[in-house]
Amino acid sequence: MRIQQNISLKPYNTFGMKVDAKYFTAVDSVDSLLEVLSTPEAKNNPVSVIGGGSNILLTKNVDGLIIRNEIEGILDTIDIGDYYLVKVGAGMNWHQFVIYCIHQGMAGVENLALIPGSVGASPIQNIGAYGVELKDIFHSLEAVHLRDLQQIQLTHKDCAFGYRDSIFKRAYKNQFVITSVTFKLSKKASYNISYGAIKQELDAMGVKELSLVSIAQAVMNIRNSKLPNPDMIGNAGSFFKNPEISEAEYQTLKKSFPEMSGYSVGNGFIKLAAGWLIEQCGWKGYRKGDAGCYDKQALVLVNHGLAQGSEIYNLSEDIVRTVHDKFGIMLEREVNVW
Ligand code: FAD
Ligand code: NAP
């Protein structure tokens, strides 16, 4: 274990922001994590955890210790009849985990193929795509408290998952390092192709019989065609959450904007596509300097090269304001701003 000083975080965030961390280290086991957390650098400074850096916007140098979680691998698999419980190191790459499950015939994660980042970050915002969320396959997790080093296990209920939300964005914000996540994966697939784009892509691929591989491949094809590859254009995926409004508000808005789509999320609330709202305000493809709004999906803000975090943030402020002016809806950021 070595704590480095004044390290550039550019390789560690998918927006490609050039900021430095006062202290930086990587851990590959719970023991090395406990060792790091016992050092003066950890005890006397703010401590933050990163995985793949694909959901953060760095707006300034980090005056503290950054711990990169590199606890890797499939740690345990238990057969419990119709399901497997699979315990995974928090530092494992999410997509590699999805590929592993598909090869093993473990169902449930296939719609979440190609989401960047680490397994350990997946519960933080209850990652989701194409009608599946982490909470649908989550069993439990293990974590270490950053200050008192207490090791805890949290169940599904403890994590209080919501739409792109969990206890780690609220009461437990910046308090724990997740060290492993255990998933409950099915031996029998029940394919979710509720999103029209998947059906269309499966048709285009000529798929006659659904399989874990064909669904994951369809998801990968769509994502590769619509989303910017962070290796080519800096970004952190969707910058904002999709807003949810009451059915009554939706019906009122629909009178002014008949082409607006909404999806029922139960309890009389409707989810709107934030990307569509942003596009209607004319932002799609916008660029000022190197900060921009992606031309194939307005929900994604991009760094074309040398944009600073503050420029991306200011653009997001302008977007929030114009969407509010036009639709009366306040967009909420999904990306973690540091
Ligand atoms: P980081 O960005 O490193 O960290 C994110 C947050 O989690 C930070 O607050 C960090 O402190 C915390 N954190 C990270 N690891 C740990 C840990 N072990 N313990 C405690 N806290 C931790 N998200 C979706 O939900 N659905 C998508 O479809 C999706 N598509 C994307 C597409 C692209 C092109 C990109 C760039 C991003 C996309 N994202 C998506 C966002 C992102 O990939 C996910 O949120 C992912 O889970 C972030 O993982 P990470 O390891 O990169 O987290
Ligand atoms: P899309 O298919 O163009 O759809 C636009 C929005 O409408 C999506 O955000 C989605 O909400 C919603 N939607 C579409 N069909 C739906 C249905 N049948 N039922 C309920 N909601 C529906 O979206 P996209 O931008 O290409 O993204 C595709 C999927 O990947 C989405 O699930 C999206 O969340 C996910 N994604 C997430 C990120 C991220 O960083 N968070 C980045 C890229 C893609 P939901 O977002 O709630 O699913």
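As the structure is a computational prediction, the values presented were derived from the model and not from experiment.

This next bit is on the sheet that holds strand S19 (residues 300–303). Pairing in this open sheet of 4 strands is antiparallel, and the strands run S13-S19-S18-S17 from one edge to the other. The outermost strands of the open sheet, each flanked by one partner alone, are strand S13 (234–238) and strand S17 (287–288). Each of strand S18 (291–293) and S19 touches helix H9 (residues 309–327); the most contacted strand, S19, lies at about 150° to it.

Let's shift gears to the side chain of Asp290. Looking at where Asp290 falls in the secondary structure, it is placed in the loop between S17 and S18. A distance of 2.6 Å separates polar atoms of two side chains, one belonging to Asp290 and the other to Arg287. Setting aside its immediate chain neighbours within four residues, Asp290 contacts Val302, Asn303, His304, Gly305, Leu306 and Ala307.

It is worth spelling out the site of ligand 2 at this point. Near ligand 2, the surroundings consist of 18 residues, among which Tyr195, Lys226, Lys271, Gln297 and Glu334 are the closest. One of the side-chain nitrogen or oxygen atoms of Asn242 is found 2.8 Å away from an oxygen atom of ligand 2. When ligand 2 is considered free in solution it has 800 Å² of accessible area, and contact with the protein chains removes 80% of it. Contributing elements (two or more residues each) for the shell around ligand 2: strand S8 (128–129), helix H6 (212–226) and S13. A breakdown of the residues in the shell around ligand 2 according to their chemical character gives 7 nonpolar, 6 polar and 5 charged.

Attention shifts here to a nonpolar patch on the surface. A cluster of nonpolar side chains, namely Ile78, Ile80 and Tyr83, defines an oily patch on the protein surface of about 250 Å² accessible area. Along the chain, Ile80 turns up in the loop between strand S6 (74–79) and strand S7 (83–89). A residue is classified by how much of its surface remains accessible, and Ile80, at 42% relative accessible area, is partly exposed.

Our next topic: the sheet that holds strand S12 (residues 176–186). Pairing is antiparallel in the open sheet, where 5 strands are placed in the order S6-S7-S12-S10-S11. Both edges of this open sheet fall to S6 and strand S11 (151–155), since each of them pairs with a single strand only. Averaged over all pairs of adjacent strands, the angle between their axes in this sheet comes to 20°, without regard to strand direction. Here 5 bridges tie strand S10 (residues 138–145) to S11, and the two strands are oriented antiparallel to one another.

In this section: the pairing of strand S16 (residues 269–272). Pairing of strand S14 (residues 244–246) with S16, which is carried by 3 bridges, proceeds in the antiparallel orientation. Counterpart to Glu244 in the pairing with S16 is Lys271. Here strand S15 (residues 262–266) runs beside S16; their pairing, made up of 4 bridges, is antiparallel. Across the sheet, the residue bridging to Ser264 is Ile270, located in S16. Counting the residues between successive antiparallel strands, the hairpin from S15 to S16 contains 2 residues, one of them, Asn267, with a positive phi of roughly 55°.

Before going further, it helps to spend a moment on H6. An ideal rise of 1.5 Å per residue puts 21 Å on 15 residues; H6 measures up with 21 Å between its terminal C-alpha atoms. Buried residues along H6 sit in contact with helix H3 (94–104), S8 and helix H5 (196–205).

Further remarks concern the site of ligand 1. Near ligand 1 you find 32 residues, and of these Val49, Gly51, Ser54, Ser118 and Arg223 are the closest. Within the backbone of Val49, one N or O atom sits 2.6 Å away from an oxygen atom of ligand 1. Considered on its own, ligand 1 offers 980 Å² of accessible surface; in the complex 94% of this is hidden by protein. For the shell around ligand 1, the secondary-structure elements that each account for two or more residues are strand S3 (47–50), S8, S12 and S13.

Across soluble globular proteins, you tend to see nonpolar side chains buried next to one another. Residues Trp94, Phe97, Leu141, Phe183 and Leu185 are the most contacted members of the largest nonpolar core, which totals 44 residues. Broken down by secondary-structure element, the contributors of at least two residues to this core are S7, H3, S10, S11, S12, H5 and H6. When residues in this core are grouped by element, the largest group, 6 residues, is from H6. What Trp94 contacts, discounting residues up to four positions off in sequence, is Val109, Leu112, Ile115, Gly117, Ser118, Val119, Ser122, Ile127, Leu134, Ile137 and Phe183. In this structure, Ile50, Phe257, Trp276 and Ile329 belong to the second largest nonpolar core, which totals 43 residues.

Turning to the environment of Asn192, a few remarks are in order. When you line up the elements, Asn192 lands in the loop between S12 and H5. With a relative accessible area of 22%, Asn192 lands in the partly exposed category. Spatially, the C-alpha atom of Asn192 lies 20 Å from that of Lys226, the residues being 34 residues apart in sequence. Residues contacting Asn192, with those up to four places away along its chain left out, are Asn111, Tyr130, Gly131, Val132 and Ile198.

Let's shift gears to the pattern of salt bridges. Inspection of the entire model under this criterion finds 14 salt bridges. Between Lys187 and Asp79 there is a salt bridge, and its shortest N-O distance comes to 2.7 Å. With a gap of 108 residues between them, Lys187 in the loop between S12 and H5 and Asp79 in strand S6 connect regions that are remote in the sequence. The exposure class assigned to Lys187 is partly exposed, which follows from its relative accessible area of 34%. Taking the shortest distance from any N to any O, the salt bridge between Arg170 and Asp165 comes out at 2.6 Å. Three or more residues are tied together by salt bridges with common partners; here these are Glu133, Lys135 and Asp136.

The rules behind the values
Residues numbered from 1 in each chain as written. Chains lettered and ligands numbered in written order. Predicted model: local features only at pLDDT ≥ 70, side-chain atom pairs only at ≥ 80, totals over all residues. Heavy atoms only, no water. Pairing = 2+ DSSP bridges. Helix = DSSP H or I, 4+ residues; strand = E, 2+ residues; numbered from the N terminus. Contact = heavy atoms within 4.5 Å. Axes fitted to C-alpha atoms, helices over the stretch in contact; angles between N-to-C directions. Polar contact = N/O pair within 3.5 Å; in protein donor to acceptor, adjacent residues only side chain to side chain. Near = heavy atom within 4 Å. Areas by Shrake-Rupley, 256 points an atom, 1.4 Å probe, with all protein chains shown as cover. Nonpolar A, V, L, I, M, F, W, Y, C, P; charged D, E, K, R; others polar. Patch = residues over 30% accessible without salt bridge, like charges linked within 9 Å, V, L, I, M, F, W, Y side chains within 5 Å. Salt bridge = Lys/Arg side-chain N within 4 Å of Asp/Glu carboxyl O. Buried < 20%, exposed > 50% of the residue type's maximum accessible area, 1.4 Å probe, protein only. Expected span 1.5 Å × (residues − 1). Core = buried A, V, L, I, M, F, W, Y, C linked by side-chain atoms within 4.5 Å.

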